[in-house]
Every structure is written in structure tokens, then in C-alpha cells.
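Remarks on the overall topology
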Amino acid sequence: MSNSYFSKSLEKGLRVLSLFNREQPALTQTEIAHKLGLNMTSTYRYISTLVDMGFLEKDGITKQITPSIYCLAFCNNLMHATDHRKIIKVLVDEIHSRFNITIDVALSVDDDMMRIYNRQASDMMTFNLPDFTRNCLHNTALGKAYLSTLPLDELKNRIKKLQLTSRTAHTVVNRKALLEELKQTKEQNFALNCEEYLPGLIAIAAPIVDPHKNRGIGAVSFDFSTIQRGVEEIKEQFAPIIIDLANKISSIIPVDYRNFD
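Conventions we followed
- Residues numbered from 1 in each chain as written.
- Predicted model: local features only at pLDDT ≥ 70, side-chain atom pairs only at ≥ 80, totals over all residues.
- Heavy atoms only, no water.
- Salt bridge = Lys/Arg side-chain N within 4 Å of Asp/Glu carboxyl O.
- Helix = DSSP H or I, 4+ residues; strand = E, 2+ residues; numbered from the N terminus.
- Buried < 20%, exposed > 50% of the residue type's maximum accessible area, 1.4 Å probe, protein only.
- Pairing = 2+ DSSP bridges.
- Patch = residues over 30% accessible without salt bridge, like charges linked within 9 Å, V, L, I, M, F, W, Y side chains within 5 Å.
- Areas by Shrake-Rupley, 256 points an atom, 1.4 Å probe, with all protein chains shown as cover.
- Core = buried A, V, L, I, M, F, W, Y, C linked by side-chain atoms within 4.5 Å.
- Contact = heavy atoms within 4.5 Å.

1. With respect to the pattern of salt bridges
Evaluated as defined, the whole model comprises eleven salt bridges. Across the pair Arg15 and Glu11 runs a salt bridge whose closest N-O atoms are separated by 2.9 Å. Here Arg15 and its partner Glu11 are both found in helix H1 (residues 8–18), four residues apart, which amounts to about one turn of the helix. Through salt bridges with shared partners, a single ionic network connects Lys89, Asp93 and Arg119.

2. Observations concerning the pairing of strand E3 (residues 102–109)
Of all eight residues in E3, eight are buried, a share of seventy percent or more. Residues of E3 alternate between two faces, with Thr102, Asp104, Ala106 and Ser108 on one and Ile103, Val105, Leu107 and Val109 on the opposite face, all of them buried. The pairing of E3 with strand E8 (residues 215–225) spans six bridges and is antiparallel. Bridge pairing links Leu107 to Gly218 in E8. Summarising the sheet, E3 and strand E4 (residues 112–119) pair through seven bridges and their orientation is antiparallel. Following the sheet pairing, Ala106 is matched in E4 by Arg115.

3. Overview of a nonpolar patch on the surface
Together, Ile69, Tyr70, Phe74 and Leu78 give the surface a local cluster of nonpolar side chains, amounting to about 380 Å² of exposed area. Along the chain, Phe74 falls in helix H4 (residues 69–80).

4. Some points on the nonpolar core
Core analysis: the largest hydrophobic core is formed by 32 residues, its most contacted members being Ile95, Ile101, Val105, Ile204, Val220, Phe222 and Ile249. For this core, the elements supplying multiple residues, two or more each, are helix H5 (83–99), E3, E4, strand E7 (201–210), E8 and helix H9 (231–252). In terms of residues, this core owes the most to one element, H9, which gives nine residues. In this structure, Ile204 is in contact with Ala141, Phe190, Ala191, Leu192, Val220, Ser221, Phe222, Phe224, Ile234, Phe238, Ala239 and Ile242, ignoring residues within four places of it in sequence. In this structure, Ala106, Ala141, Leu147 and Leu179 belong to the second largest nonpolar core, which totals 22 residues.

Shown next, in the form of C-alpha cells:
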């Protein structure tokens, strides 16, 4: 780096943040120092700065360091400014203009789904889901579409750890039944959710997949009111469309997105 304006301190701080991913969601100060080839004093300074700024959290007991929810929101804001989001916007907006339906694009973050783009149906009953939908993998079409991409052994272990809370009378809270549903979801390449998350909401979703690793990183969903359409009508008309949309989004998701969750 020959540029005289290059900030080595900023570089090292960003490298600390870049260490966190699905495989290593939490690290100790010693592990960070070892991975970056830094001494413990410098490592402590970078970590303390990022903790004070709110980008990292440090457990007072275990000393494990993890990205904070503020860091998650910050990354989401950055994604909103990228050309990749603009391409996603074009793809989603084209479907929205044809059918006037609510569309959500979300990435998986642990047991949550983080929405990165949304279009609401106009002049119809709509359901405005939050940007961060927590404990939702078992009771939303987005979550089920994502889970269906996991290898069977990993999926079984993941289901064992989920808190299968019931949001409505239709929420699937039986682990065996959920596993069988997800197997079917994998075969058909889309998930259906009928009033499991909210009364009156039917959703169909297809997984967004990292084509290099062949594993899910998120999903895209179409939302409908039960007074608008029935389940069979949604399957027949929109399953091919949402699968095609998910495939197109998967093809343009950059490396930064794939490492994000």
C-alpha cells in the first residue's frame, strides 16, 4: 500500500470486522490477534474502539466477541446503497408491477430473517412485516424456504435447537412434522405458509441460494390475504414465478452477501 493517505489503523479495524461469518460468529481477543498477526495490546485497542462505537459486543463472562445488532443494521444500510440491491430492486419491481403483490427479499441471520428489500401491494389488505423477523424460521415461508436448503443432518440439528413457539393456531410446533414439511419444500423448491405467522396471511417463498456452495442464504416471498386468493391458486400461478425470481436473485448475490449471515 504505497498511498500516503492509506490508514493502517482503519484497515486493521475493518479486518477485525471481516473475520466474523457463519463459521466463526464469535471470537476471543486471542483468536483475533492470532488471525490478524497483531499483538495483544493493538488487538485490545481495536476491539475496544469497535465495542465503544457499538459495532461489536463483548461478553463480560466468556469474553467472546460478536457483531452487534447495530453492526447488522449498518451492514444493511450499506447493502441498500450497492448496485446489487439496485438489481434486486429491478427484478422485484418488475414482478410487483405485473401482479401488485407484496414481495419481501430477506437474508438469514442465525434464527432471524433480515429483510433487505420490500414492495407492498397497493389498494389491498397488506401485512407489513418488520425488517428483522425473530425466531421465525419455523413459522414463515421465508424461514422454511431457507431451512429447506440445508443438508439433512444439519437440518435435523437445526430443528432440534429451534424454539418452536406458536404464533397462531396453525403454527407447526411438532419437530417431526416440520421436518417432513421441509423435505417436501426442498423437493418442490418453494415453501407455503397459511396463517402460521399471522391470521389471514398466506405466503409463498423460494430460497435464495449461494450457487458456489449450494446452500441457502435467504429467501424471497409473495404475501397474500386469505380473502384475496386461495392456496391452490397461489401454488398454480405463482410457484413458477417465485422460483424463477429467487434463481435470478441468487445469481447476482455477491460474496459480501454470502458471508453476511
